Amino acid sequence: MNTIMLSDTPRGVRAAVGILRQGGTVAFPTETVYGLGGDATNDQAVARIFAAKGRPSFNPLIVHVSDLAQAEAITEMSSEARALGAAFWPGPLTLVLPRRAASDLSELATAGLPTVAIRVPDHDLARRLLGEFGGPLAAPSANLSGRVSATRPEHVMDGLDGRISGVFDAGPTRVGLESTILAFDGDIPVLLRPGGLPVEAIAEALGRPVDTRAARHITAPGQLASHYAPRARLRLEASGPGPDEVWLGFGPVSVLRPGLNLSPSGDLMEAAANLFAHLRAADALATETGVRRIAVASVPRTGLGLAINDRLERAAAPRPEDYAAAL
Ligand code: TXA
Ligand code: MG
């Protein structure tokens, strides 16, 4: 398949809508990362998304809609869910909610679950695309399954060139981390994935704490713990690079080894926006300089730091080949 570059123009959006209506796949920017979009009501379009990413089909996709009203048409929103939607949409919050029986979402998009992960992205182009398409778009992050999410069109092309119909040439994304995913266990708000909206902001809006235990528990073997992984290995909480390592710093530390810094001033927003691009660049630098490890400075665990640490820990987690080697 020839992957076409689409421009951020009315013409580009019309072309994308044409592709989507025919069940094709288009990568588009959101405020978090690029998403690989397809018609969420079309099984074939959704199957194409799974195939392009090499994603296991038991892993459901996030459904993107243009506003709260469209979310209400697809899901059953409790008053708390509605309040969160009103407070944070458009924005980097995904809510996992019961799916309405009458919704015509593809069963494949939700992997047959009775719930849907849904959000309204805060990106002008994404909103114009959703508006003109007129229906929900299923869109996981636009990267090969298990790899680092794409925050720039060239990162999308790195993994998916020839595997998708089109990609918008629309520059870097603002937040740089995927959305925060929140579910309700009965009545209790549960964090499933820390992300671009700090969990503290959600707790404050709800006026009660959010259960974060599920999101912290990532080490069960085989549970897709390894994710967001570059080729090189990662060593976390490093105070500096060893002789066989590339450095990925945070804050004002100077080191002589080749490396990069997520934010020299120690700003978590800047570090979040840089994270995936810097992981890719550090990986390339490791290959270039013939080393096999990236040493990563410690990053505080508050605000966006929770999500940054989550992605770093997954990137550093044992990989399937490690289990094989241990046998
Ligand atoms: O920022 C984002 O969330 C980006 C942009 C493109 O919107 N999307 C994204 O999608 O990160 P993806 O597919 O890479 O991650 C979605 C996560 C997966 O871990 C999936 O298991 C979970 O959401 N998920 C989807 N539906 C779910 C459901 N019904 N219940 C629990 N988890 C669900
Ligand atoms: Mg992803």
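Here the structure is shown first, and the text comes after it.
Residues numbered from 1 in each chain as written. Chains lettered and ligands numbered in written order. Predicted model: local features only at pLDDT ≥ 70, side-chain atom pairs only at ≥ 80, totals over all residues. Heavy atoms only, no water.

As for unusual backbone geometry
In step 1: For the bond running from tryptophan 89 to proline 90, omega is -5 degrees, close enough to zero to count as cis.
In step 2: Structurally, the position occupied by proline 90 is in the loop between α4 (79-88) and β5 (93-98).
In step 3: Even without being glycine, alanine 111 reaches a positive phi, approximately 50 degrees.
In step 4: Look at alanine 111 and you get partly exposed, because its relative accessible area is 27%.
In step 5: With a phi close to 55 degrees, glutamate 237 is a non-glycine residue in the positive phi region.
In step 6: Its place among the elements puts glutamate 237 in strand β11 (residues 233-238). (Helix = DSSP H or I, 4+ residues; strand = E, 2+ residues; numbered from the N terminus. Buried < 20%, exposed > 50% of the residue type's maximum accessible area, 1.4 Å probe, protein only.)

Here we look at the sheet that holds strand β13 (residues 259-261)
In step 1: Read across the sheet, 4 strands follow the order β11-β14-β12-β13 without closing on themselves; strand pairing throughout is parallel. Edge positions in the sheet fall to β11 and β13, since each of these pairs with one other strand and no more. For this sheet, the mean angle separating the axes of adjacent strands, direction not counted, is 20 degrees.
In step 2: Where β11 meets strand β14 (residues 293-297), 4 bridges bridge the pair, whose relative direction is parallel. From the neighbouring strand, leucine 234 faces β14, where its bridge partner is isoleucine 294.
In step 3: Together, β11, β12 (245-249), β13 and β14 form the strand contacts of helix α9 (residues 268-289), whose direction differs from that of β13 by roughly 170 degrees. (Pairing = 2+ DSSP bridges. Axes fitted to C-alpha atoms, helices over the stretch in contact; angles between N-to-C directions. Contact = heavy atoms within 4.5 Å.)

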